[in-house]
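This is what each chain is made of:
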Amino acid sequence: MRLREEYDMSELITALQLSDPDAAYHRLVDAHRGLSEEQSADLNARLVLLLTNHVGDLAVLDQAIELAKAERGS
Amino acid sequence: MAATGSGGPAAAGIGVSGDATMGAGARKALYQFGYARSRDQDAFEATGEAVRHPVVVVGAGPVGMTLAVDLALRGQPVVILDDADRIGEGSRAICFAQRTLEIWDRLGVAAPMVEKGVTWQVGKNFLRDDLVYKFDLLPEDGHKMPAFINLQQYYAELFLVERIAELPLIDLRWNNKVTAIESPGDGKAVTLTIETPEGTYPLKADWLIACDGARSPLRDMMGLEFRGEVFDDRFLIADVKMAADYPAERWFWFDPPFHAGQSALLHKQPDDVWRIDLQLGPDADPEVEQRPENVIPRIKRMLGHDNFELEWVSLYSFQCRRIDRFIHDRVIFCGDSAHQVSPFGARGANSGVQDAENLAWKLDLLLKGEADDALLETYDAERSFAADENIGHSTRSTDFISPKSEMEHTLRNAVLDLAAKTEFARSMVNSGRLSKATTYDTPLSTPDSATFSGVARLGAPVPDAPLKRVDGSPTWLHDELDQGFTVLHVANGAAPNAVEGAALRIIGAELLDEAGQFRRRFDATPGATFVIRPDQHLVARFRHFDAAKVTEAIARAKGRADAAA
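Residues numbered from 1 in each chain as written. Chains lettered and ligands numbered in written order. Predicted model: local features only at pLDDT ≥ 70, side-chain atom pairs only at ≥ 80, totals over all residues.

K.L.:
Can you break down the overall build of chain A residue by residue, with the values?
P.N.:
Secondary structure assignment for chain A yields 3 helices and 0 strands. Helices (α) and strands (β) of chain A occur, in sequence order from the N terminus, as α-α-α. Within the span of chain A, comprising 74 residues, buried residues form 3% of the whole. (Helix = DSSP H or I, 4+ residues; strand = E, 2+ residues; numbered from the N terminus. Buried ≥ 20, exposed ≤ 12 C-beta atoms within 10 Å, placed from the backbone.)

Here it is, written out as structure tokens:
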């Protein structure tokens, strides 16, 4: 794991940052459990907005969008 | 509406493309002007030759008339042709921004507009019943012109027509419809065919300025593509007359109780007229929705009563688009004919008036032989940039108000939900980002060689400031600027006596900055020197006066490429 300071400020970090990745993933699963499709979509939208503002960097957002849009396996 | 509120103003500086133009309250034309035969028609009948004019403007709307007045005040004769003989129809622009008012003030026509208009500066966005975001467009005083006024477009046009009547250099011809244009290119004059109640006559124009609106017939005659984005949602725009004591604020609702799932807007105009704008969705039938029996219940739900009269109703869809180039040899497009935006943000009429002011001084210098096509090209560059900026803001606003897919809707609603809890989301709520003057990144500006703080920005119109003359009488910075170039110098012992090619104003000698607002807004230290274009944009600033640098900055601002060296 590299330290955050080693990265350029406007570079999307894809190396592991979480000390407990399983727990982080399960936080998201738990958040959606029991929700309808529509409620889940609303939750995801709010999460994306909150985290986007937390990141606070359009260049990072652009890279995240690009990576997220890439089709599976590409 | 108090309980539920009613919705805001669609600022509408629009060249809206209407699905339908007639409304329930179809208002009679308010001001009728007569057709009068011109000398050019006599001359054509006598000689068979078309009379030639240096500048012909097509379209007597706010943009065409602003351009004509500006040119006339610079000594240029202008013919304006308009295909109608009246003003006052339609639900059109109502919000006029500070920069537009400053331009009109320079042209001597702002005073009646501000007096008649409703001055406002606060906007409120509601989600359902809750206030989620409030903005104040003029948090600081010390400007001659207000942040915004609301004024029916027909009043703005009337005051411009009255101003034109005082200017013998302007020949305004009603009922003169251009039906054909021949533009041979290579800088040769354009020939127009003009239809009047007495038949047709031709006219030649060294420069033809197309200010004929969003549906510009000249643009079609020239075969120019009007490219951009079209929005499917339909909006009902109504002007209603009622006595109400709601404040003069722009109120905008997302998903209001009286109009579930859609947006609504309410804004005050003079004469107890209120602009109401209701989003109807993409499937609304224009013909059906404009019937009074359908309109009145909608507005009644919003207002909570039916004690109002419909002045005008129409249904619109919006587009954001532009032509690629604003200059086609001797034909220049200005205002909505060149670029069209949705009304959210009041960027239509306001940007058109700013087009006109950008063009006027450049065309004047060209006609006087003090500049060449290089200066004129900067009209295209600067105002294309402005058009893209306005289209960008307008598109974002319209996308926010009118999401295009389920997921866009989900995202938009997520912003609204978070707005109640978080500051960042409040700033994302977008019911229209209101028109501001564009800051030009332009080769006409001399790059800063020193650092300046303050709100004055290179390439932007200079901020106004209250000043005093030496006799103690109050004045405004904008009132002290020249129609040509102005050099502002802050006294610092030995002041320059004069500057070649510009009017010199010395702050601290003939003009006093007692309130300190000039100093703060310009970061004006002793000796600081500011060079200001005829359209009041700042083109150069220095910490100390240097005659050679000032002269070079003025030459550069006139498009003299060799001055850039």
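After that view of the structure, there is still more to cover.
K.L.:
Describe the sheet that holds strand β7 (residues 118-120) of chain B, with residues and values.
P.N.:
Residues and elements named next belong to chain B. Here 3 strands make up an open sheet; going across it, the order is β6-β10-β7 and the pairing antiparallel. Each end of this open sheet is capped by a strand with a single partner; those strands are β6 (95-97) and β7. If you compare each strand with its neighbour and ignore which way they point, the axes differ by 30° on average. As judged from the 3 bridges shared by β6 and strand β10 (residues 148-150), these two strands associate in the antiparallel manner. Within β10, the residue paired with cysteine 95 across the bridge is asparagine 150. (Pairing = 2+ DSSP bridges. Axes fitted to C-alpha atoms, helices over the stretch in contact; angles between N-to-C directions.)

K.L.:
Before we move on, could you go through the interface of chain B and chain A and cite the residues and values that matter?
P.N.:
Across the boundary between the two partners, chain B contributes 8 residues, which contact 7 residues of chain A. Elements with a contribution of two residues or more to the side of chain B that touches chain A: α11 (406-419) and α12 (423-428) of chain B. Broken down by element, the side of chain B that touches chain A gets its largest block of residues, 6 residues, from α11 of chain B. Taken together, the residues of the side of chain B that touches chain A break down into 6 nonpolar, 1 polar and 1 charged. (Contact = placed C-beta atoms within 7 Å. Nonpolar A, V, L, I, M, F, W, Y, C, P; charged D, E, K, R; others polar.)

K.L.:
Tell me what's going on with the sheet that holds strand β24 (residues 339-340) of chain B, and back it up with residues and numbers.
P.N.:
Neighbouring strands of a sheet are bound in pairs by backbone hydrogen bonds; such pairs are parallel or else antiparallel. All names here are of chain B. The antiparallel open sheet is built from 3 strands, whose spatial order is β15-β21-β24. Edge positions in the open sheet fall to β15 (227-230) and β24, since each of these has one partner strand only. Both strand β21 (residues 319-322) and β24 contribute to a ladder of 2 bridges, which runs antiparallel. Looking at β24, one finds that arginine 322 is bridged to histidine 339. Packing against the sheet, helix α10 (residues 373-401) makes contact with β15, β21 and β24, and its axis sits at approximately 165° to β21.

K.L.:
Requested: an account of unusual backbone geometry, with residues and values cited.
P.N.:
Residues and elements named next belong to chain B. A positive phi angle, near 55°, is found at aspartate 255, a position not held by glycine. Position of aspartate 255 among the secondary structure elements: in the loop between β17 (250-254) and β18 (263-269). A count of 16 C-beta atoms within 10 Å places aspartate 255 in the partly exposed class. One non-glycine residue with positive phi stands out, namely aspartate 271, at about 65°.

K.L.:
Quick rundown of the packing of helix α2 (residues 62-73) of chain B against helix α5 (residues 153-165) of chain B? Include the residues and the values.
P.N.:
Residue and element names in this part refer to chain B. Where α2 contacts α5, the axes come no closer than 10 Å and their chain directions differ by 25°. As far as their axial angle goes, α5 and α2 are roughly parallel. As for the relative orientation of α2 and α5, their crossing is left-handed in sense. Facing Pro62, Met65, Thr66, Ala68 and Val69 of α2, the residues of α5 in contact are Gln153, Ala156, Glu157, Leu160, Arg163 and Ile164. Of the residues that constitute the contact of α2 with α5, the class distribution is 7 nonpolar, 2 polar and 2 charged. (Parallel < 35°, antiparallel > 145°, perpendicular 65-115°, else oblique. Left-handed = near helix turned anticlockwise from the far one by under 90°.)

K.L.:
Explain the environment of isoleucine 299 of chain B residue by residue, including any values.
P.N.:
Residue and element names in this part refer to chain B. Looking at the secondary structure, you find isoleucine 299 in helix α8 (residues 292-303). Once the C-alpha coordinates of isoleucine 299 and leucine 310 are considered, the two residues, 11 residues apart in sequence, prove to be 9.7 Å apart. Contacts of isoleucine 299, omitting those with residues within four sequence positions, involve Ala238, Val240, Ile276 and Phe308.

K.L.:
Tell me about the pairing of strand β9 (residues 130-136) of chain B, and name the residues and values.
P.N.:
Residue and element names in this part refer to chain B. In the sheet, strand β8 (residues 122-127) pairs with β9 via 6 bridges, with the strands oriented antiparallel. Following the sheet pairing, leucine 127 is matched in β9 by aspartate 130. In this structure, the hairpin formed by β8 and β9 is closed by a connection of 2 residues, where arginine 128 is found at a positive phi of approximately 50°.

K.L.:
Before we move on, can you summarise the nonpolar core with the specific residues and values?
P.N.:
Within the largest apolar cluster, 76 residues are counted, with the highest numbers of intra-cluster contacts made by Leu67, Ala68, Ile209 and Cys334 of chain B. The next biggest cluster of nonpolar side chains, apart from the first, holds 39 residues, and it includes Trp251, Phe252, Val273 and Leu418 of chain B. (Core = buried A, V, L, I, M, F, W, Y, C linked by C-beta atoms within 7 Å.)

K.L.:
So what about the packing of α2 of chain B against helix α9 (residues 349-367) of chain B? Which residues, and what values?
P.N.:
All names here are of chain B. Running from N to C, α2 and α9 cross one another at 30°; their axes reach a closest spacing of 8 Å. Here α9 runs roughly parallel to α2, going by the angle between their axes. Seen along the crossing, α2 lies across α9 with a hand that is right-handed. Judged by residue contacts, Pro62, Val63, Thr66, Leu67, Asp70 and Leu71 of α2 engage Ala349, Gly352, Val353, Asp355, Ala356, Glu357, Leu359, Ala360, Leu363 and Asp364 from α9. When grouped by side-chain class, the residues that make up the contact of α2 with α9 number 10 nonpolar, 2 polar and 4 charged.

K.L.:
Describe the pairing of strand β3 (residues 51-58) of chain B, with residues and values.
P.N.:
Residue and element names in this part refer to chain B. Sheet analysis places β3 next to strand β14 (residues 199-210), joined by 7 bridges and oriented parallel. Each bridged residue has a counterpart across the sheet, and for valine 51 the counterpart in β14 is leucine 203. As judged from the 3 bridges shared by β3 and strand β4 (residues 78-81), these two strands associate in the parallel manner. In the sheet register, valine 57 faces β4, and the bridge partner there is isoleucine 80. Crossover connection from β3 via α2 to parallel β4: handedness right-handed. (Right-handed = clockwise from strand over helix to strand, strands pointing away.)

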